[in-house]
Structure formats: structure tokens, C-alpha cells
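# Topology and contacts: notes
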Amino acid sequence: MSKYYLNYLEELESEAIFVLREVAAQFRNPVILFSGGKDSIVVTHLARKAFYPAKFPFALMHVDTGHNFPETMEFRDQLIQELGANLIVGSVQEAIDKGRVVEEKGRNASRNVLQITALLDTIESNQIDCAIGGGRRDEEKARAKERFFSHRDDFGQWDPKNQRPELWNLFNGKHFQGEHFRVFPISNWTEMDVWNYILKENIAIPSLYFAHEREVIWRNNSWIPVSEHLNMDERDSPVTKKIRFRTLGDITITGGIESEADTLEKIVEEVAAMRQTERGNRADDKRSESSMEDRKREGYF
Amino acid sequence: MIGNYAEKMSIENNQLLRISTAGSVDDGKSTLIGRLLYDSKSIFEDQLEAIETTTKRKGREGIDLALFTDGLRDEREQGITIDVAYRYFTTPKRKFIIADTPGHIQYTRNMVTGASTANVAIILVDARNGVIEQTRRHSYIASLLQIPHVIVCVNKMDLVDWKEDRFLDIQQQYEGILSKMSIKDVRYIPISALEGDNVVNRSENMSWYQGAPLLHTLETLHISSDLNKIDTRFPVQTIIRPQTDKFHDYRGYAGRLESGILRKGDEVVALPSGFNSRIKSIDTFDGTFEEAFAPMSITITLEDDIDISRGDMIVRKNNQPNQVQEFDAMICWLNSSPARPRGKYTIRHTTNEQKSMITEVVYKMDINSLERNSEATEIKTNDICRIKLKTTKPLMIDEYRDNRATGSFILIDDGTNETVAAGMIIS
Ligand SMILES: Nc1nc2c(ncn2[C@@H]2O[C@H](COP(=O)(O)OP(=O)(O)O)[C@@H](O)[C@H]2O)c(=O)[nH]1
Ligand SMILES: [Mg+2]
């Protein structure tokens, strides 16, 4: 080692590891919110690095809309086994069955908002005091204001105008019974950083991120995968396209893009040349200009 | 054209630069950041479309660049920046994080927050108004938080006919206020955020200006030497004890090296216990290192079995911080309830936590006039004061101006759990 500075990716990694170690030190029962998407995979990888050679210290929590890509579920289960970690599932289907929430109706129905209840119920019933997320400030404008350590009241709500100040790297995770924190170790990363890091570290990700042939329909300006969960009618005409996904979420609203990128190198190249933000393909964010902020206030990821 | 400037960037020599911006309302901060993002091609098509739609809905023409940074709904509606918003962009030379902070006096605490981690402050001055009260305030905060570099951008040069005289005049005004502060490196750039002159591209309207445009300045600012590489400070975050067959007796101390360098074999001392030992290994997931430097997150093991826990600090034997229970500090009061006279607060310093009490208010700083008021006794929101603090157990401190990590602290109110003050240690 001849140079005495870190490059930006090394500095971001060091910052994230610092944050994860603060979580382990400051909370009793922390979990990683695991969606099977690249951001939560990167956070999981960072946690593995942060505590090496000790055992992986967090449980993974999956908020399951019931509308999953089978590939994501397989990936999740395999990772859990590899880490020797606990899996906690918060089920939206269960919340519907119990009458905690009511399913949306119609062609554009989505279980996105319903996740909030499943998430908060699971946090409460498992007495979780910290949920670590893969949220990044560059994803969306309401997220740009999010702290690393983000306080939630005992209704799980975020009060963006009344956030705790966060100075230097002195993170304050103190809270009362029933309250919890959301912690975002990769707050300062961009989509490009995440991909460069996945490439550098050679991190395994679900096959859905690589270009593959799939039956899709054109809806809300992106290619929505045909699945048993998708409400279709005569207006929809399924076609087979070579696509890949930039984010993974609920299979009924996660749109893919046409792509030939079937290796990590090609994906990095493609992302670098991209003209749309990744959330441009998510119907959940398009409902109104402040829809993310509204959902986040109520307790969304 | 929209696209990504980052296409061919190399990661290897690319450093991270943290910027904070300050300026009073309507000086053009948001426009400037929007311009930086736009001209460096860091804005995506769908973001641009959303902004165009919003601009049109407000009955205005074209694209309002300020809308890229004004995030929360209340701010979009009121058209002002309330909280700190973070923006990211990358050029082939660097990755940038911009903390956009509001300028009103009632948001002093937000400015302090944005400034706490910044390598460089951009201070905006409206060319028509020159140096005003707010400029002084923002500069004082940059100085208080010891931001190593300050760039004074004289904005809206288009409204003063691009005149050099005006620019030089403002530069002179600014040099006048500098004498009361400790800012190491100051530069001046005449710009028009609205029209883009000297932001990313060199201005054709101001050929008299020989210096570099803002972006180039940010890309080439020398920052490696800003970090303290002399005083080795390793606050312990957590203990790594695998207790597996393979790592049966492994006991590692995990933390981030906040300053200085550590090598295998170095003689170290654990504080506050004072026990000596040597570095046996520096471990990471990626392997064992011969040496580590700040700000690396590492795990170290020692030759001797000594009792160390979170909040302790490992340092070199011949270079130790001060261990004190009483010290002076500048604080910025962040909370909406005032400080309680002789109030007790939890102090968080590095990874260490103790109880503390404010024993005296030495003076309150009037950050507009930069006068000290030694009569003041109460501490309210946004106040900046010099205080005396007493802790129940010794802290391992350095002066803030020598070491941002071991010279800073926060105070937490045990009644509400809120972070109520930010502090910078004087002695
Ligand atoms: N003529 C001119 N107007 C500018 C310039 N920069 C910003 N403005 C305008 O000044 C107003 C305030 O700008 P804004 O970026 O919102 O200021 P902020 O409050 O500091 O964030 C807006 O109407 C901008 O269009 C400039 O360089 N020249
Ligand atoms: Mg603004």
C-alpha cells in the first residue's frame, strides 16, 4: 500500500461497515429488510464483511407481497442457508386474510401500500428495534432527506420535518419502548456505485438482473412480466422480449427494460449509459409526485 | 444531451468530495446545484420530464433547475429549502456529495449539520447585494466546523453586466470578514448559475476571469492532506468474538481508524485503562493487512489479552489524546427546547457515552455581528455558545481543530432521546 487515501468506493464501503457496526452496538434486536433486490443484497454482503470472522449477526426480514418472482424466493432461501441466518417473513397475504388490510381492485391494483401494515405488524410482533434497509438517497427525492439513523415513532411513522439532526458520524439510536429505527448504511451510494461494487466484489445476484427472454406486456411505459398474479384483459397483448430488471419488487408492478446485458460488466456499461432513473420503471412511484414521501411518512421502507 | 458523464470513469484514483452549500434565500443555491447536475449530465430523462411538468404547472417557462434539489412536499410548495438534502453526481475525476442546506437564520442548525462532514463549502453571494449578514454567518459556520476549503461564488453576474469591478469589490469585502475567522483556503469565482457561466463551462461573458470554473476547481481540489495522518486514534465500536472451532480464541476490536496510521507490531495503549500491547494483526474480510490508515474500517487483534470494550480507544504509546473530565467547547444548540440551567445530558464522543453537565456559559456568539456576549446565560435553538462541560468519567479528547473525529461530540437529552447539541472541543 503506497497511497494513503481511499478511493470513493472504498470510502463508501468503510462508511457502511461503520454504520452496520453501530447498529450491532446500539440495538438489541436488529434485522435487515431483505427484498431480494440488489441493494439489500449489497447491505447483506457488507454486514458479512463488517463482522467477519464472527457469525452473521442479523436476521433477514422479508415483507412478502405474495406476488414474488420465483427466482427471488430461491435466491433468498439459498442465501439464508449460506449465512446461517434467521428468516422472518411478514406476509401481506396473511394481513389480507386476517382483515388487517383490504386488497386493491382493478387493473392497476397493487399490494405495494399494503406492505406497510405487514411490515409494521411484523416489526411489532417480533419486537424489532432496528430495521436495516438498502435505501439510497439518490433513488427518490423524499429519500434524499433521509438520515442514516431514521427514527420511527410507536406507530412506525416518519416525521420528515422533525428529524434528529445527524452530525459527523455520531449516530444516535436511542429510543423508547415500541419505537424503532430504520438504518440505511448505503445512503450515500448511487445505482452506479452499487453496480460497480457488485462487480468489484463479485457478489451473487438473482438471474433476473441479467438479460433473458420473458413473456411481457407493455404497461405504464415498461415491460411488465406476465405471471399468475397479473390482472390482464383484452387490451394487453403478451409478447416475448429479451429484458432485464433494474430493480426487483412486486412481480405485478416491476417493469423490465429491453437489454442485451447478460454479464455484470455489460450491466455496468449499460447503467452508465442509461437515460432513465431506475425507479422510472416502478408504477408505485408514478402515482403522484409525492407518493414516495406519503408512503414513507406512514412507515414504508 | 442527457446521459451519464460517469461512463468511462475509473474507480481507482477517484476520491469522494463532500460539499456543503450555504447562502441566503434566493441567492441561487438550488439553481447552482441543478446547473452542476444538468451540465455535468447527471440528470436522468424522467427526472427532467418531472421537472418540466412541475415548472409548467407553476405557469413558468422551460425548466426550473432549482426543482432538482427541493425535495419535500412542503418545500416544493413554499419554494424554500427546509432541511438538508443530499445530491450525488460523478465526473470522470471524482464522486461528489452535495449537502444543500437552507440559509435562514432559523436553520442555523441545519447548516451546522451539513457542514459537519464537508471537505469544502460553497458560499454564494448575490453580486447585486455583496457581502451581507448571512454571508458572514455562513462563513462563520464554515470556520467553526473547520471546513478545510471555502469557495465563494459570486452569483448572478448577469445582473451586474458581468463587471469585473463588482466581482473584485465583493472579493475585497469578503477578505475583510475573513480576519475574524480561521479558514485555511479561500477561492473566488464569478458565476451565473442561471445561465451556466463558470459553473461547468468557462464563461464567455467574463473573459477577464482567469481562474477555473467551479466544477474544475472541485475536481482538482487537493483533499488527501486534509485528513490527520499523524495522530492515530482508533475508537472501539464492537468486539468480534466468533467462538467457532476455527477462531476459537479470536478476540478482535472492530472500529474505524479515525485518524493516523496503524501497522502490525506497533506499540499501542488502550485507553482509559492504560494497558500496553502490540498490534498482532489487522484483519478484514478481504485479508490481513500490514498497515491501515484513516478512514478504514478494520478489526485489530492485540498480542496481550487485555480488557477492552466499546467506547475505549486504542492509540500509539507515544501519541495520546488528553484524558479530561472538564473542558471548554463551542456548541450549537439544535433542539427547540432551550438548555436547562446546569442541565445533565448524555454526551456521545466517538463511540464513548457518559453523563455530562453544562457548568457554565462562557459567552454566546452573535453570529451576525460576530460579537461575543458574556452576559448570556440561557441557550436556545440555533445559539452558538462557548460552554464549560463536566463529565462523570474521563473522555479521550483532542481539540476539534486538530481532529474532527475526536474533537466533536453530541449531547442527548435522556428525557426525549433527542440529539440536542453539537459540540466542538476547544481545550
Ligand atoms: N439572473 C439570475 N437569476 C438567478 C441566478 N441564479 C439563480 N437565480 C434566480 O434566483 C431565484 C432564487 O434561486 P434559488 O436557486 O431558488 O435560490 P436558493 O433559495 O438559494 O435555493 C430564482 O428565481 C432563480 O432563477 C443567476 O445566476 N442569475
Ligand atoms: Mg433552495
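See the structure above.
Position numbers for residues start from 1 in each chain and track the written sequence from start to end. Labels are handed out in written order, letters beginning with A for the chains and numbers beginning with 1 for the ligands. Side-chain atom pairs in this predicted model are given and counted only at pLDDT of 80 or more, local residue features only at pLDDT of at least 70, and totals for whole chains, interfaces and linings cover all residues. As a convention, hydrogens and water are excluded, and side-chain values are obtained from all of the structure's heavy atoms.

This next bit is on the site of ligand 1. All names here are of chain B. The cutoff for a nearby residue is simple: one of its non-hydrogen atoms must lie within 4 Å of the molecule or strand. Contacts to ligand 1 come from 16 residues, most closely from D26, K29, S30, T31 and D158. Nitrogen and oxygen atoms within 3.5 Å of one another constitute a polar contact, given that in protein one can donate a hydrogen and the other can accept it, and given that sequence-neighbouring residues count only through two side-chain atoms. Between ligand 1 and N155, the relevant distance is 3.0 Å, taken from an oxygen atom to a side-chain nitrogen or oxygen of the residue. One of the backbone N or O atoms of L194 is found 3.2 Å from an oxygen atom in ligand 1. Using the Shrake-Rupley algorithm and a 1.4 Å probe, accessible areas are obtained, with residue cover drawn only from the displayed protein chains. For ligand 1, the protein covers 79% of the area, taking 580 Å² as the surface of the free molecule. The residue makeup of the shell around ligand 1, split by class, is five nonpolar, six polar and five charged. Gly is put with the polar residues, along with every residue not named as nonpolar or charged; the nonpolar set is Ala, Val, Leu, Ile, Met, Phe, Trp, Tyr, Cys and Pro, and the charged set is Asp, Glu, Lys and Arg.

Judged by pairing direction, the sheet is mixed, and its six strands sit side by side in the order β2-β3-β1-β4-β5-β6 (chain B) without closing on themselves. Whereas interior strands pair on both sides, the edge strands pair on one side only; in this sheet they are β2 (85-90) and β6 (185-190) of chain B. Looking at each pair of strands side by side, their axes are set apart by 25° on average, direction ignored. Throughout, a contact is declared for two residues whenever any of their heavy atoms are within 4.5 Å. Axis definition: a line fit to C-alpha positions, over the contact stretch in the case of helices; interaxial angles, taken between N-to-C directions, run 0 to 180 degrees. In this text, helices come from DSSP runs of H or I with a minimum length of four residues, and strands from runs of E with a minimum of two, each type numbered from the N-terminal end. The strands touched by helix α1 (residues 8-26) of chain A within the sheet are β1 (15-22) and β3 (94-100) of chain B, with β1 of chain B carrying the most contacts at an inclination of about 75°. In this scheme, strands are said to pair when DSSP sees at least two bridges between them.

This brings us to a negative patch on the surface. All names here are of chain B. The patches reported here contain residues having more than 30% relative accessible area and no salt bridge. Joining distances are 9 Å for like charges and 5 Å for nonpolar side chains (Val, Leu, Ile, Met, Phe, Trp, Tyr). We count a salt bridge whenever a side-chain nitrogen from Lys or Arg sits within 4 Å of a carboxyl oxygen from Asp or Glu. The convention is simple: Lys and Arg are positive, Asp and Glu are negative, and His and the chain ends are not counted. By convention, charge coordinates are those of NZ in Lys, CZ in Arg, CG in Asp, or CD in Glu. A contiguous patch of negative charge on the surface is contributed by D249, E303, D304, D305 and D307. Among the secondary structure elements, D307 is positioned in the loop between β14 (297-302) and β15 (313-316). By relative accessible area, D307 is classed as exposed at 61%. Classification of residues uses two cut-offs on accessible area relative to the type maximum, computed with a 1.4 Å probe and protein chains only: under 20% is buried, over 50% is exposed, and between them is partly exposed.

Bringing the pattern of salt bridges into the picture now. Taken as a whole and judged by the stated rule, the model has 47 salt bridges over all chains. R348 of chain B serves as the salt-bridge partner of E22 of chain A, at 2.9 Å between the closest nitrogen and oxygen. Placement of the pair is E22 of chain A in helix α1 and R348 of chain B in strand β17 (residues 344-349), with the two residues belonging to separate chains. R348 of chain B matches E22 of chain A in its accessibility class, with the two residues each being buried. The closest approach of N and O atoms between K174 of chain A and E353 of chain B, which form a salt bridge, is 2.8 Å. With K174 of chain A in the loop between β5 (149-152) and β6 (180-183) and E353 of chain B in strand β18 (residues 352-366), the pair connects residues from two separate chains. By relative accessible area, which is 23% here, K174 of chain A ends up partly exposed.

Aromatic rings in a pair are described by how distant their centres are and how their planes are angled relative to each other. Aromatic rings from Phe, Tyr and Trp, with only the six-membered ring used for Trp, were paired whenever their centres fell within 6.5 Å, and each pair was classed as stacked if the ring planes differed by under 30 degrees, edge-to-face if by over 60, and tilted otherwise. For the structure on display, the rule yields 23 aromatic pairs over all chains. Measuring from ring centre to ring centre gives 5.5 Å for F148 of chain A and F171 of chain A, while their planes differ by 50°; the resulting arrangement is tilted. Pair noted here: F148 of chain A is in the loop between β4 (130-132) and β5 and F171 of chain A is in the loop between β5 and β6, with a separation of 23 residues, a long-range link. With relative accessibility at 2%, the residue F171 of chain A sits in the buried group. Summarising the aromatic geometry, the rings of F149 of chain A and F171 of chain A are spaced 5.0 Å apart at their centres and angled 5° between planes, so their arrangement reads as stacked. In this pair, F149 of chain A is assigned in strand β5 and F171 of chain A in the loop between β5 and β6, connecting sequence segments 22 residues apart. Judged by its relative accessible area of 3%, F149 of chain A is buried. Put simply, the rings of F18, F27, F148, F149, F171 and F181 of chain A touch in pairs and so form one group of aromatic residues. Distance and angle both matter: a charge sits over a ring if NZ of Lys or CZ of Arg is within 6 Å of the ring centre and within 35 degrees of the ring normal. Sitting over the ring of Y86 of chain B, R137 of chain A keeps its end group 3.9 Å from the ring centre. One Lys or Arg, R256 of chain B, reaches over the ring of F18 of chain A and ends 4.2 Å from the middle of that ring.

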